[in-house]
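Architecture at a glance
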Amino acid sequence: MRRWSSGRSAGLRDTQVNHRCPESGALPSSGLLRLLSFNIQVGINTAGYRHYLTRSWQHLLPNAGRGGNLQRIGSLLGDYDLVALQEVDGGSLRSGYVNQVEHLAQLGAFPYWYQQLNRNLGRLAQHSNGVLSRLQPSQLEDHPLPGPPGRGAILLRFGEGPDALVVVMMHLALGARTRTRQLAYIRELIGGYRHQILMGDMNTHAVDLLQHSPLRDLGLLAPQIEATFPSWRPQRCLDHILLSPGLALERVAVLSQPISDHLPVAVDIRLPVALGGYPPPMLNVPATGSPP
């Protein structure tokens, strides 16, 4: 596999365990898996473009309202099995030295969690992605993404062999050229798997991802085409949960929860029989999103 220059190396990692709730090891016997992706903007509540200026200090300094926002986010996450978090702080001055991934795992009663530190500014900020899971992955990989340091992807595998489920959580670059390099890297990671889920803040529309990126030959579906950004007046569809065709869609929604500057995306899927699911009729899912 090709490697791009980065400040850290890719590799296998262990999930952290939340001992406050019982552990689980297997995919749900019902075959239904509930997924959520949410860019939480380190717990800052943004309700207008003016707040990017007037509340910009909250990216550097603690704020009394952040704890309440995290409580609201934790209450929301509790309904899901697997959660991808972007723009999370790993424990620095601005978050009151609270590891927000661990804190949300506790609030949502998730037995497994992992924090991916992508930009370490010491006491000032710990820019991170995070994963929360009710299921214990058989493998977890931490991957810095190509381009300037600060972007990463987390790969989780559930099950073994050709019918294993691979999930990649990511926060992609703003620039199209760097984003293409990052998607080429992710394409290599998932190419050997039959069942694939990609989730995160991808900073572009579904039509670009599925028709004009290195993912275009995978046949992925983008069931969610509603706008997710900005949360107070959504106009752009930047947050996605992409599915391989063998994963049957049960429900998709952009949640009306303007806690961050992005809205969360939720998808329920029915797993194939080989992964513990039951075979329902496949739904007619739109393959691409439409630009705004």
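Residues numbered from 1 in each chain as written. Predicted model: local features only at pLDDT ≥ 70, side-chain atom pairs only at ≥ 80, totals over all residues. Heavy atoms only, no water.

Here we take up the overall build of the protein. When its secondary structure is counted, the protein shows five helices and 13 strands. Across the 292 residues of the protein, 55% fall into the buried class. Across the protein, the fraction of contacts at a sequence separation of at least 24, relative to all contacts at a separation of at least 6, is 71%. Surface summary for the protein: the accessible area is close to 12100 Å², and the carbon and sulfur share equals 53%. (Helix = DSSP H or I, 4+ residues; strand = E, 2+ residues; numbered from the N terminus. Buried < 20%, exposed > 50% of the residue type's maximum accessible area, 1.4 Å probe, protein only. Contact = heavy atoms within 4.5 Å. Areas by Shrake-Rupley, 256 points an atom, 1.4 Å probe, with all protein chains shown as cover.)

With that settled, consider the side chain of H240. By the element assignment, H240 lies in strand 11 (residues 239-243). A residue is classified by how much of its surface remains accessible, and H240, at 1% relative accessible area, is buried. Within the structure, the side chain of H240 is placed 3.2 Å from the backbone oxygen of C237, a separation counted as a polar contact. Other than its neighbours up to four places away in sequence, H240 contacts S37, L198, M199, G200, M202, T204, H205, A206, L209 and Q224. (Polar contact = N/O pair within 3.5 Å; in protein donor to acceptor, adjacent residues only side chain to side chain.)

Counting 27 residues, the largest nonpolar core has L165, I197 and I269 as the members making the most contacts within it. Elements with a contribution of two residues or more to this core: strand 3 (32-39), strand 4 (82-89), strand 8 (152-158), strand 9 (165-171), strand 10 (195-201), strand 11, strand 12 (248-254) and strand 13 (265-270). Leaving out residues up to four positions away in the same chain, L165 has contacts with L33, L156, R157, F158, H195, Q196, I197, L247, L271 and L275. Judged by nonpolar contacts, the second largest core, of 24 residues, contains V166, Y185, I186 and A206. (Core = buried A, V, L, I, M, F, W, Y, C linked by side-chain atoms within 4.5 Å.)

A few words now on the packing of aromatic side chains. Aromatic ring pairs are reported here in terms of the distance separating the ring centres and the angle at which the planes meet. As enumerated under the stated definition, the model contains zero aromatic pairs in all. Against the face of F110 rests R134, its NZ or CZ located 3.9 Å from the ring centre. (Phe/Tyr/Trp six-rings, centres within 6.5 Å; stacked < 30°, edge-to-face > 60°. Lys NZ or Arg CZ within 6 Å of the ring centre and 35° of its normal.)

Along the chain, the position of T46 falls in the loop between strand 3 and helix 1 (51-54). Residues T46 and H262 lie 216 residues apart in sequence; the distance between their C-alpha atoms is 8.9 Å. If sequence neighbours within four positions are ignored, T46 has contacts with Q41, H51, Y52, R55, S231, W232, I259, S260 and D261.

Now for the side chain of R157. Along the chain, R157 turns up in strand 8. Taking the relative accessible area as the measure of exposure, R157 reaches 13% and is therefore buried. Here E160 takes part through its side chain, which lies 2.9 Å from a polar atom of the side chain of R157. Apart from the residues within four sequence positions on either side, R157 is in contact with P137, S138, Q139, A164, L165 and Y193.

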